[in-house]
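Observations on the three-dimensional arrangement
Each chain is listed here by its residues.
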Amino acid sequence: MIKDKIWLSSPHMGGTERNYVTEAFDTNWVAPLGPNVTGFEKDLEVYQRENTHVAALSSGTAAIHLALIQAGVGPGDEVICQSFTFCGTTNPVQYLGATPILVDSEYDTWNMCPNALKEAVEDRIAKGKKPKAILAVHLYGMPYKIDEIHAFAKAKQIPVIEDSAEALGSTYKGRKCGTFGDYGILSFNGNKIITTSGGGAMVCHSKAVKEKTIFLATQARDNAPHYQHSEVGYNYRLSNISAGIGRGQMEVLDKHIDLRRKMNHFYQDIFEHIDGVTVQKEKANHIFSNHWLSAILVDPAKTGGITRENLRLALEADHIESRPLWKPMHLQPLCKDFPYYGSNVCETLFENGLCLPSGSNLTDQDRNRIKKSILKVF
Ligand SMILES: Cc1ncc(COP(=O)(O)O)c(C=O)c1O
């Protein structure tokens, strides 16, 4: 008998999502905007605190695109990007005809290395072009070194776009990720800690930026009774149906973070006694990760030759999904010609790292299957 597949991270509904969606149908707010959109934005503003303003959008990628536009990025410009990320971070830089300048990670958080960032920015300035923005990422929900990176960005007067697509609910010194940058980005894609089926948001610090974001996301319509346009716009707004799912999901967000963090401890317990395998965890008290995905590093020199790929294939044979850590963008054919600063930290992470099933909806039975499958390999 084929067992049910255990997924890396699948949608987990709390139950009330359906009520918001039904209400949208009952009141005929099926058309793009409506009370769920404004309600979801309000929920996010209350959750993020720090007097944030939130604009709900069709994806995290769209949010990054609109942040880059507002940071003034255009053709021929350069944008510093963490190389160790998903393509949704860097693609919008290319949409604008700008060049991603890719920067390595450090081992504490696996995110942008402050030293490599400094080297990159200073070298680009020396070569005659000051980067227009810095795109830093809280990968897998782990906060990056915010103090170091933002202090440097401030000194150089370069805006920071904080890609918090994977880090809703993570905190740094008690403050929510997504609220530190000039622009913060969230994703509600199907595999994220909460989902709207597909969606994203821009988190900003002024009503003016929120309004400009909404203007750009609704085809940049000028104020006129007819359709009047003076600049290029996009169709990037979240629908009232999707936002209804988001409102229900906000009610269970903190509970789901707790469950994801328990998955991380589950793996820490398993691997505590296995030489050569380490589970990614917070390295400082002021960091709190939502542990969107739990990830491990496998050192074949210490595991008797067992690699992350051996483990991945063994899990796959047992119908358990896992995935290598994200392949750094500077190793992608799409980005191979872009400048890269740093050494081989994110390459090493990619070669030896594996993301394990991390969903908040996994059961004790699922955990038993995962544990058995892992212990068979080691
Ligand atoms: C780090 C990161 N940035 C950006 C994105 C793009 O978000 P979306 O899929 O909502 O466009 C994602 C996820 O999908 C992501 O993981």
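Residues numbered from 1 in each chain as written. Predicted model: local features only at pLDDT ≥ 70, side-chain atom pairs only at ≥ 80, totals over all residues. Heavy atoms only, no water.

1. Re the overall build of the chain
The secondary structure content of the chain amounts to 12 helices and 15 strands. Relative to the 2.2 N^0.38 estimate, which gives 21 Å for 378 residues, the radius of gyration of the chain is 21 Å and therefore close to what a compact globule would have. In terms of overall dimensions, the chain has a C-alpha envelope of 70 × 60 × 35 Å along the principal axes. Relative to its 378 residues, the chain shows a buried fraction of 55%. Pairs at least 24 residues apart make up 73% of the contacts formed inside the chain by residues separated by at least 6 positions. (Helix = DSSP H or I, 4+ residues; strand = E, 2+ residues; numbered from the N terminus. Rg over C-alpha atoms; globule rule 2.2 N^0.38 Å. Buried < 20%, exposed > 50% of the residue type's maximum accessible area, 1.4 Å probe, protein only. Contact = heavy atoms within 4.5 Å.)

2. Quick notes on the site of the ligand
The ligand sits among 15 residues. The nearest are Thr61, Asp163, Glu166, Ser187 and Lys192. One nitrogen or oxygen atom from the side chain of Thr61 is found 2.5 Å from an oxygen atom belonging to the ligand. Here Lys192 contributes a side-chain N or O atom positioned 2.9 Å from an oxygen atom of the ligand. Alone, the ligand offers 380 Å² of accessible surface; in the complex the protein occludes 93% of this. When residues of the shell around the ligand are traced back to their parent elements, those giving at least two are helix H3 (60-70) and helix H4 (87-95). (Near = heavy atom within 4 Å. Polar contact = N/O pair within 3.5 Å; in protein donor to acceptor, adjacent residues only side chain to side chain. Areas by Shrake-Rupley, 256 points an atom, 1.4 Å probe, with all protein chains shown as cover.)

3. Concerning the side chain of Thr213
Of note, Thr213 is situated in helix H7 (residues 207-217). If sequence neighbours within four positions are ignored, Thr213 has contacts with Ala55, Leu57, Leu66, Gln70 and Met202.

4. Remarks on the sheet that holds strand E7 (residues 175-176)
If you walk across this open sheet you meet the 3 strands as E7-E6-E11, and the pairing is antiparallel. The strands lining the two open edges of the sheet, one partner per strand, are E7 and strand E11 (287-288). Two elements, strand E6 (residues 171-172) and E7, share 2 bridges in a ladder whose sense is antiparallel. Within E7, the position partnered with Thr171 by the bridge is Lys176. (Pairing = 2+ DSSP bridges.)

5. Focus on the sheet that holds strand E5 (residues 160-163)
With respect to topology, 8 strands assemble into an open sheet ordered E1-E9-E8-E5-E4-E2-E3-E14, the strand pairing being mixed. Looking at which strands have only one partner, the edges of the open sheet turn out to be strand E1 (53-57) and strand E14 (340-341). Looking at chain direction, strand E3 (residues 99-103) and E14 are connected through 2 bridges and run parallel. Looking at the pairing, Val103 lines up with Tyr341 of E14. Lying over the sheet, H7 contacts E1, strand E8 (183-187) and strand E9 (200-204), oriented at roughly 10 degrees with respect to E1. (Axes fitted to C-alpha atoms, helices over the stretch in contact; angles between N-to-C directions.)

6. Focus: the pattern of salt bridges
Across all of its chains, the model carries 23 salt bridges by this definition. For Asp123, the salt bridge is made with Lys127, and the minimal N-O distance between the two is 2.7 Å. Residue Lys127 is classed as exposed on the basis of its relative accessible area of 57%. We note a salt bridge from Glu316 to Arg312, for which the minimum N-O separation is 3.4 Å. Of this pair, Glu316 and Arg312 both sit in helix H10 (residues 308-317), 4 residues apart, which is roughly one turn of the helix. (Salt bridge = Lys/Arg side-chain N within 4 Å of Asp/Glu carboxyl O.)

7. Overview of the state of the cysteines
In total, this model carries 0 disulfides according to the counting rule given. Sulfur of Cys87: no disulfide; nearest cysteine sulfur belongs to Cys335 and is 8.8 Å away. Given the relative accessible area of 28%, Cys87 is considered partly exposed. As a non-bridged cysteine, Cys346 has Cys113 as the owner of its nearest cysteine sulfur, 10 Å distant. (Disulfide = S-S within 2.5 Å.)

8. A few points about the packing of aromatic side chains
The full count for this structure, using the stated rule, is 9 aromatic pairs. The interplanar angle of 90 degrees and the centroid separation of 6.3 Å between the aromatic rings of Trp110 and Tyr140 together place this pair among those described as edge-to-face. In this pair, Trp110 sits in the loop between E3 and helix H5 (114-126) while Tyr140 sits in the loop between strand E4 (133-137) and helix H6 (146-156), placing the two residues 30 residues apart along the sequence. For the pair Trp110 and Tyr140, one class covers both residues: buried. Look at Tyr140 and Trp326: their rings are 5.0 Å apart centre to centre, the planes differ by 75 degrees, and that puts the pair in the edge-to-face class. A residue pair is termed long-range when its members are at least 10 positions apart, and Tyr140 in the loop between E4 and H6 and Trp326 in the loop between strand E13 (323-324) and E14 qualify at 186 residues. (Phe/Tyr/Trp six-rings, centres within 6.5 Å; stacked < 30°, edge-to-face > 60°.)

9. Description of the nonpolar core
Among the nonpolar cores identified, the biggest contains 34 residues, and Phe40, Leu44, Phe84, Tyr140, Leu168 and Leu325 are the most heavily contacted of them. Breaking this core down by element, the ones donating at least two residues are helix H2 (35-48), E1, E9, helix H8 (240-250), helix H9 (253-271), strand E12 (294-298) and helix H11 (345-352). A per-element tally of this core places H2 first, with 4 residues. Excluding residues within four positions of it along the chain, Leu325 makes contact with Phe84, Trp110, Tyr140, Ala295, Leu297, Leu349, Phe350, Gly353, Leu354 and Cys355. Residues Ile64, Val79, Val93 and Cys335 belong to the second largest nonpolar core, which totals 30 residues. (Core = buried A, V, L, I, M, F, W, Y, C linked by side-chain atoms within 4.5 Å.)

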